[in-house]
Amino acid sequence: MFKLAAGFVVFLALWVPTALAKDRLASATLVVFNSNDPESAELARYYASKRSIPAAQVIGFDLPAGEEITREVFNRKIADPLRNQLIEKGWWLVRQLPDGTTRVFDTRIRFLALMRGVPLKISSDPSIELPPPMEGIPPEVSGRNDASVDSELAAMGLPDFVPGGLIPNPYFGRFTPILEESVSPGLLLPSRLDAPTAAMVRKMIDDSIATEKEGLWGWAYVDGRDISSGAYIEGDNWMRKLVEILRQSGIPTIFDNLPETFQENFPITDAAVYFGWYAGDINGPFLQEDFRFRPGAVAVHLHSFSASSLRSSANHWCGPLIARGAAATLGNVYEPYLPFTANLDVFQDRLLAGVTLAEAGWMSQRAISWMGVVIGDPLYKPYQAWNQFSDPRSRQENPFRRFRSITRSSRSNILLAMLPIHEATMETGNSMFLEALGNAQMDADHLPPALDSFREALKIAKDPEVQARLELEIAFVSRRISPEEFQEVSPEEIPPHETFAEESDTQKNEVDPSLEKPKEETPLDWLLNLPYPDL
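About the thresholds
Residues numbered from 1 in each chain as written. Predicted model: local features only at pLDDT ≥ 70, side-chain atom pairs only at ≥ 80, totals over all residues. Heavy atoms only, no water. Helix = DSSP H or I, 4+ residues; strand = E, 2+ residues; numbered from the N terminus. Buried < 20%, exposed > 50% of the residue type's maximum accessible area, 1.4 Å probe, protein only. Contact = heavy atoms within 4.5 Å. Areas by Shrake-Rupley, 256 points an atom, 1.4 Å probe, with all protein chains shown as cover. Phe/Tyr/Trp six-rings, centres within 6.5 Å; stacked < 30°, edge-to-face > 60°. Axes fitted to C-alpha atoms, helices over the stretch in contact; angles between N-to-C directions. Parallel < 35°, antiparallel > 145°, perpendicular 65-115°, else oblique. Left-handed = near helix turned anticlockwise from the far one by under 90°. Nonpolar A, V, L, I, M, F, W, Y, C, P; charged D, E, K, R; others polar. Pairing = 2+ DSSP bridges. Salt bridge = Lys/Arg side-chain N within 4 Å of Asp/Glu carboxyl O. Polar contact = N/O pair within 3.5 Å; in protein donor to acceptor, adjacent residues only side chain to side chain.

Asks: Looking at this model, I keep getting lost on the overall build of the protein. Mind explaining?
Replies: Looking only at helices and strands, the protein features 17 helices and 17 strands. A buried classification covers 54% of the 535 residues belonging to the protein. Counting contacts in the protein only where the partners sit at least 6 residues apart, residues at least 24 apart contribute 74% of the total. In the form shown here, the protein has an accessible surface area of approximately 23,400 Å², with 55% of it arising from carbon and sulfur atoms.

Asks: So what exactly am I meant to see when it comes to the packing of aromatic side chains here?
Replies: We describe a pair of aromatic rings using the distance from one ring centre to the other and the angle between the two ring planes. In this structure the tally under the stated criterion is 15 aromatic pairs. Aromatic side chains Phe286 and Trp317 sit 6.1 Å apart centroid to centroid with 80 degrees between the ring planes, which places their arrangement in the edge-to-face category. Of this pair, Phe286 sits in the loop between strand E13 (271-276) and strand E14 (298-301) while Trp317 sits in the loop between E14 and helix H8 (318-323), and the two are 31 residues apart along the sequence. Considering the side-chain rings of Tyr383 and Trp386, the 4.7 Å spacing of their centres and the 65 degrees angle between planes classify their relative orientation as edge-to-face. Note on Trp386: relative accessible area 4%, which makes it buried.

Asks: I would appreciate a short explanation of the packing of helix H11 (residues 399-408) against helix H12 (residues 418-428) in the present structure.
Replies: Working note: a packed helix pair is described by the angle between its axes plus the distance between those axes. Their axes nearest at 10 Å, the elements H11 and H12 cross at an angle of 160 degrees. The angle between H11 and H12 places the two elements in the roughly antiparallel class. Relative to H12, H11 is oriented so that their crossing is right-handed. Judged by residue contacts, Arg402, Phe403 and Ile406 of H11 engage Pro420, Ile421, Glu423, Ala424, Glu427 and Thr428 from H12.

Asks: In this structure, what is going on with the packing of helix H2 (residues 38-51) against helix H6 (residues 198-214)? I would like to understand it.
Replies: Interhelical geometry of H2 versus H6 gives an angle of 10 degrees and a closest axis separation of 10 Å. Between H2 and H6, the crossing angle belongs to the class labelled roughly parallel. Residues Glu39, Glu42, Leu43, Tyr46, Tyr47, Lys50 and Arg51 of H2 lie in contact with H6, whose contacting residues are Ala198, Val201, Arg202, Ile205, Asp206, Ile209 and Glu212. Within the contact of H2 with H6, the residues separate by chemical class into seven nonpolar, no polar and seven charged.

Asks: So what exactly am I meant to see when it comes to unusual backbone geometry here?
Replies: Trans is the prevailing form of peptide bonds, just as negative phi is the prevailing case for residues other than glycine. Residue Tyr278 follows Trp277 across a cis peptide bond; omega there is 20 degrees. Within the fold, Tyr278 resides in the loop between E13 and E14. A positive phi angle, close to 50 degrees, is found at Asp270, a residue other than glycine. Tracing the backbone through its elements, the reader meets Asp270 in the loop between strand E12 (253-256) and E13.

Asks: Help me out: how do you make sense of the pairing of strand E10 (residues 189-193) in this one?
Replies: In summary, the side chains of a regular strand alternate between the two faces of the sheet. Of all the five residues making up E10, five are buried; the element is thus mostly covered by neighbouring parts of the structure. Where burial is concerned, the two faces of E10 agree: the one with Leu189, Ser191 and Leu193 and the one with Pro190 and Arg192 are both buried. Relative to E10, strand E6 (residues 111-115) runs parallel, the two sharing five bridges. When the bridges of E10 are listed, Met115 appears paired with Leu193.

Asks: Explain the sheet that holds strand E3 (residues 68-69) to me, please; I cannot follow it from the model alone.
Replies: Hydrogen bonds between backbone groups are what pair the strands of a sheet, and the pairing can be parallel or antiparallel. If you trace the three strands from one edge of the open sheet to the other, you get E3-E7-E8, paired in mixed fashion. Bordering the open sheet on either side are E3 and strand E8 (147-148), each of which pairs with just one other strand. Examined bridge by bridge, strand E7 (residues 121-122) and E8 share two bridges and lie antiparallel to one another. Across the sheet, the residue bridging to Lys121 is Ser148, located in E8.

Asks: Help me understand the pattern of salt bridges in this model?
Replies: Summed over the entire model, instances satisfying the criterion amount to 24 salt bridges. In this structure, Arg51 engages Asp377 in a salt bridge whose closest nitrogen and oxygen atoms are separated by 2.7 Å. With Arg51 in helix H2 and Asp377 in the loop between strand E17 (372-375) and H11, this pair connects stretches of sequence that are 326 residues apart. We classify Arg51 as buried; its relative accessible area is 12%. With its nearest N and O atoms 3.6 Å apart, the salt bridge here joins Arg240 to Asp236. Here Asp236 and Arg240 lie together in helix H7 (residues 233-248), a separation of four residues that amounts to about one turn. A relative accessible area of 30% places Arg240 in the partly exposed class. Among the charged side chains, a salt-bridge network with shared partners connects Asp150, Arg192, Asp194 and Arg311.

Asks: Would you mind going over the environment of Glu68 with me for this structure?
Replies: Following the sequence through the fold, Glu68 ends up in strand E3. Residue classification places Glu68 among the partly exposed positions, given a relative accessible area of 44%. Glu68 sits 51 residues away from Pro119 along the chain, and the two C-alpha atoms are 6.0 Å apart. The contacts of Glu68, once residues within four sequence positions are left out, are Lys121, Ser123 and Tyr334. Only 2.5 Å separates the side chain of Glu68 from the side chain of Tyr334, close enough to count as a polar contact.

Asks: Please clarify how the sheet that holds E13 should be interpreted in this entry.
Replies: Across the sheet, four strands lie side by side as E12-E11-E13-E14; this open sheet has parallel pairing. On the outer flanks of this sheet lie E12 and E14, each paired with one strand and no other. Neighbour-to-neighbour, the strand axes of the sheet open up by a mean angle of 15 degrees, direction not taken into account. Examined bridge by bridge, E13 and E14 share four bridges and lie parallel to one another. Across the sheet, residue Tyr274 finds its bridge partner in E14, namely Ala299. The sheet contacts of helix H9 (residues 344-353) involve E13 and E14, and relative to E14 the element is tilted by about 175 degrees.

Put into structure tokens, the structure is as follows:
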């Protein structure tokens, strides 16, 4: 009895904080749908039930069917009714200032879940008088009043909101969850549950909730453009930083830093994360008929019009990425200009830190009342399970989890983990470990070791697509190795590696000895059979 009671207390100690956090998020979420669209209403009810959002916080507005609306329709049909609901139901507490303006000074609502059927974007209206341009903002930015519906709703409760130009985002670059943040109470964090079909929206919801329980595991693919100078260097800097963040977090990452996007014949397997730029429509391997992301995947392609429409599975990027199984993405409805698109490195970093999709999405945006949209379940936390305690004996074997543990146990640097990487390869027969190591070695210009890693991975790879990718990687590295480097790894100078164990021995001096497993003579032999710690 005592043991059972103690176990129950431990269970409660672990469960209660998570449950309370979910309740707080649900209580701070308002679900908005189009009352003229039966599918929109049904999706709103479905989402609210899945996230335990109170029925009183599911509201419909009389909205047109199209994705684009005028500023007048936005104000009359969305902004004004929503503002009235927020005030009348006590979700916003407002105060009238001496100058006659109204200021939001407290709020119960932080998240907006905008359901499929709610218009997406606001067209430009030249009849609206624009405010004076902000210092340092060029006229092509300050002189516009088109925007995404979502970004305009994010800003409408701020004291400096005006329907023209952009507003600096007070939540940009923050690290704190919005419910613990002192940022302006008028700021809302919208995220759109939208896709080419209603069935795809349901899948986004279901996949997000399921992924939170087990974690988002798989490969990350980052597609840069090899830009080292000029006006567009910031975009490639985001991509390079993304690779660093992903690898330090223990996610096996493939980085294509060629000017073109991923080629059509490049095999992408087990894709949990994708970031790339800069093509107008989805292309490359994503066009293959059977391509699918892993459930819960985060996939973003940076383009000025990536979210111009969410109704197509073939045009632009956001709709097609969701159609191919991604659960979360970011986009732009009109030209935002590169500095005012989402900072993708900030976005992924905050997701890994454990905040929600809506929080990470708006933390990554320098501007609101602008062009950006966050697409997916606003409360989705793809890496929630990574930081939760669980009994390793009850978990299914997961090579990606083991890869992460190895990386985190090696100072978050996979290049320091050659010994445990080879051990994991021998024990699992999985080529992923060596291929991931080879990609990190290649990007660090350790070309001969990368070639060795790819060749050894190819020997054990079983999936034809993985084999084809390894052959491409071997060919790419081989072309980059100079004759002198080939001489450095010639058989005359370095004995051939007949087994992974022998190769591991040759690297022993390069490995931090504190990372080695206990010697065989330790009396606690059972320690050797435990999995790597789930860090």
